[in-house]
Amino acid sequence: MPSGKARPAALRVPLPAGAPRLAVLQTAYQLMRSAHVVVGGTGGEPFLELHPRPGVDAAAAAREAEAVFAAQLAREAVRAAGASVRAELTRRMLGLAGRAAARPQASAGLPPDAAARVQALLAEKGQWEADPSAIKTVWSDLKRGGAPRR
Amino acid sequence: MKDILTLEAGSAELALSAAWYGRPALEAAAAALAGRAYVSLVTARGTHRVTLRATGKASARGLAGEFLDEALNAQLRSEVVDAARATTGPVLASVFTAGFTAVPKDPLEEMDPAVAQARAAETAALQARARAR
């Protein structure tokens, strides 16, 4: 980290005892832009030791740590509250996926009796290939004011 | 308050809590510094002691900072993966079950049961050797 800017001293930000582990680590991770962060502390009293990057104010980094930790706590609470719902959704989706996989595949063609009915209908319509929607009058003829084609 | 980071001429020493940093995360961080620093990692009594010595002109403080960033990154990633395992486990299990169907039987083993027995014995011996390593 070569820099002409002064490097502030390290400082420790204590976090509440029993803070959720992921919230602590996420906070440290988010602070990496401002400081090199060490997570420490045993016995349920964690702390973050901030080694601010050159040009970063240590007090500002500490304030940022507190704000980020509060946001992470809120996120963690939301995540914990939704955990059972997510687990149930996953379970049901997997159940549905299993049923979909077990479903027999539809055949590519029409059943023989339906195909015969379609063929009979088309034959009855006569010139179905030239006029599949049975309009009988071509749009260009109508525009010219011509008589409908028979 | 014990110092976590100690700087000496050309080297840096870190004392990291094993309660927060797993050894794999520190090994990943050491790998990220490959070619730029000699890294020693000793774990004892709940503390990882990491010594970094620059191979070139890089500052020891800079290397220590980069090591800390990489270690935190690796540790967080592994914990996020662990936290999501309750969801990802069943999903991946069903994907793998659908994707890897049962292997068809070997005609040789069908014709001669002795072949199947010999192969099973060989596989069991290999597995036992692998577990013993």
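What counts as what
Just so you know, the residues in each chain are numbered from 1, in the order the chain's sequence is written. In the order they appear in the text, chains get letters beginning with A and ligands get numbers beginning with 1. Totals for whole chains, interfaces and linings use all residues, but because this is a predicted model, local features are given only for residues with pLDDT of at least 70 and pairs of side-chain atoms are given and counted only at 80 or more. Runs of E in the DSSP output that reach at least two residues are strands. Runs of H or I that reach at least four are helices, and both are numbered from the N terminus. Whether a residue is buried, exposed or partly exposed is read from the other C-beta atoms within 10 Å of its own C-beta, which are placed from the backbone; 20 or more gives buried, 12 or fewer gives exposed, and intermediate counts give partly exposed. Within a predicted model, pLDDT stands for the predictor's per-residue confidence, ranging from 0 to 100. Placing a C-beta atom from the backbone of each residue, one calls two residues in contact when those atoms lie within 7 Å. Three categories are distinguished: nonpolar for Ala, Val, Leu, Ile, Met, Phe, Trp, Tyr, Cys and Pro, charged for Asp, Glu, Lys and Arg, and polar for the others, with Gly belonging to the last. Each nonpolar core consists of buried Ala, Val, Leu, Ile, Met, Phe, Trp, Tyr and Cys residues. Their C-beta atoms, within 7 Å, join them into a set. For two strands to pair, DSSP has to find at least two bridges joining them. Only the stretch in contact is used when fitting a helix axis, every axis being a line fitted to C-alpha atoms; angles between N-to-C directions are given from 0 to 180 degrees. Roughly parallel covers angles under 35 degrees, roughly antiparallel covers those over 145, roughly perpendicular covers 65 to 115, and oblique covers all other angles. In this scheme the crossing of two helices becomes right-handed for a clockwise turn of the near helix relative to the far one and left-handed for an anticlockwise turn of less than a right angle.

### Concerning the overall build of chain A
Okay, so step 1: Of regular secondary structure, chain A possesses four helices and three strands.
Okay, so step 2: Moving toward the C terminus, one meets the helices and strands of chain A in the order β-α-β-β-α-α-α.
Okay, so step 3: Per-residue burial over chain A gives 19% buried out of 150 residues.

### A few points about the confidence of the model for chain B
Okay, so step 1: Overall, the predicted model of chain B reaches an average pLDDT of 89, with 98% of residues at or above 70.
Okay, so step 2: Taking the mean pLDDT of every element in chain B, the minimum, 80, falls on helix 3 (residues 85–99) of chain B and the maximum, 96, on helix 1 (residues 23–32) of chain B.

### So, the interface of chain B and chain A
Okay, so step 1: Contacts between chain B and chain A engage 23 residues on the former and 25 residues on the latter.
Okay, so step 2: If you list the elements that add at least two residues to the side of chain B that touches chain A, you get strand 2 (11–17), helix 2 (60–83) and helix 3 of chain B.
Okay, so step 3: A breakdown of the residues in the side of chain B that touches chain A according to their chemical character gives 13 nonpolar, seven polar and three charged.

### Describing the nonpolar core
Okay, so step 1: Grouped together as the largest cluster of nonpolar side chains are 39 residues, with contacts concentrated most on Ala28(A), Val37(A), Ala64(B), Phe67(B) and Ala71(B).
Okay, so step 2: Secondary-structure elements contributing two or more residues to this core are helix 1 (21–30), strand 2 (35–40), strand 3 (47–52) and helix 2 (58–102) of chain A together with strand 2, helix 1, strand 4 (47–54) and helix 2 of chain B.
Okay, so step 3: Considering every element that reaches this core, the biggest residue donor is helix 2 of chain B, with eight residues.
Okay, so step 4: Excluding anything up to four places from it in sequence, Phe67(B) contacts Leu14(B), Ala29(B), Leu33(B), Val50(B) and Leu52(B).

### Quick word on the pairing of strand 2 of chain A
Okay, so step 1: Burial analysis of strand 2 of chain A places six of its six residues in the buried class, which makes it a mostly covered element.
Okay, so step 2: Burial along strand 2 of chain A is two-sided: Ala35(A), Val37(A) and Val39(A) facing one way and His36(A), Val38(A) and Gly40(A) facing the other are all buried.

### Structural notes on the pairing of strand 3 (residues 37–44) of chain B
Residues and elements named next belong to chain B.
Okay, so step 1: Pairing between strand 3 and strand 4: eight bridges, direction antiparallel. Its bridge partner being in strand 4, Leu-41 is matched across the sheet by Val-50.
Okay, so step 2: Following strand 3, the chain reverses through two residues before pairing antiparallel with strand 4; Arg-45 in that reversal takes a positive phi of roughly 50 degrees.

### Quick look at the sheet that holds strand 3 of chain B
All names here are of chain B.
Okay, so step 1: Read from one edge to the other, the open sheet built from four strands follows the order 1-2-4-3, with strand pairing classed as antiparallel. Both outer strands of the open sheet, strand 1 (5–8) and strand 3, are each paired with one neighbouring strand and no more. On average, each strand axis in the sheet is tilted by 15 degrees relative to the strand beside it, whichever way the strands run.
Okay, so step 2: Helix-sheet contacts for helix 1 involve strand 3 and strand 4, and the interaxial angle to strand 3 is about 170 degrees.

### Things to note about the packing of helix 1 of chain B against helix 2 of chain B
Residue and element names in this part refer to chain B.
Okay, so step 1: Interaxial distance between helix 1 and helix 2 falls to 8 Å at its minimum, and their mutual angle equals 135 degrees. Judged on the interaxial angle alone, helix 2 and helix 1 are oblique. The element helix 1 and its partner helix 2 pack so that their crossing is right-handed. Contacts between helix 1 and helix 2 pair Pro-24, Ala-25, Leu-26, Ala-28, Ala-29 and Ala-32 from the former with Phe-67, Glu-70, Ala-71, Ala-74, Gln-75 and Ser-78 from the latter.
Okay, so step 2: Looking at the contact of helix 1 with helix 2, its residues break down into nine nonpolar, two polar and one charged.

### Observations regarding helix 1 of chain A
Okay, so step 1: Burial runs high along helix 1 of chain A: seven of the ten residues are buried.
Okay, so step 2: Regarding helix 1 of chain A, the residues found buried are Ala23(A), Val24(A), Leu25(A), Gln26(A), Thr27(A), Ala28(A) and Tyr29(A).

### Considering the sheet that holds strand 2 of chain A
Residues and elements named next belong to chain A.
Okay, so step 1: If you walk across this open sheet you meet the three strands as 1-3-2, and the pairing is antiparallel. Looking at which strands have only one partner, the edges of the open sheet turn out to be strand 1 (11–14) and strand 2. Going across the sheet, the axis of each strand differs from the next one's by a mean of 25 degrees, ignoring polarity.
Okay, so step 2: Note: strand 2 against strand 3, six bridges, orientation antiparallel. Following the sheet pairing, His-36 is matched in strand 3 by His-51.
Okay, so step 3: Along the sheet, helix 1 contacts strand 2 and strand 3; its crossing angle with strand 2, the most-contacted strand, is approximately 165 degrees.

### Quick word on the environment of Ala31(B)
All names here are of chain B.
Okay, so step 1: With respect to the helices, strands and loops of the structure, Ala-31 is situated in helix 1.
Okay, so step 2: On the basis of neighbour count, Ala-31 is assigned to the exposed category, with 11 C-beta atoms found within 10 Å.
Okay, so step 3: Considering only alpha carbons, one finds Ala-31 and Phe-67, 36 residues apart in sequence, at a separation of 9.4 Å.

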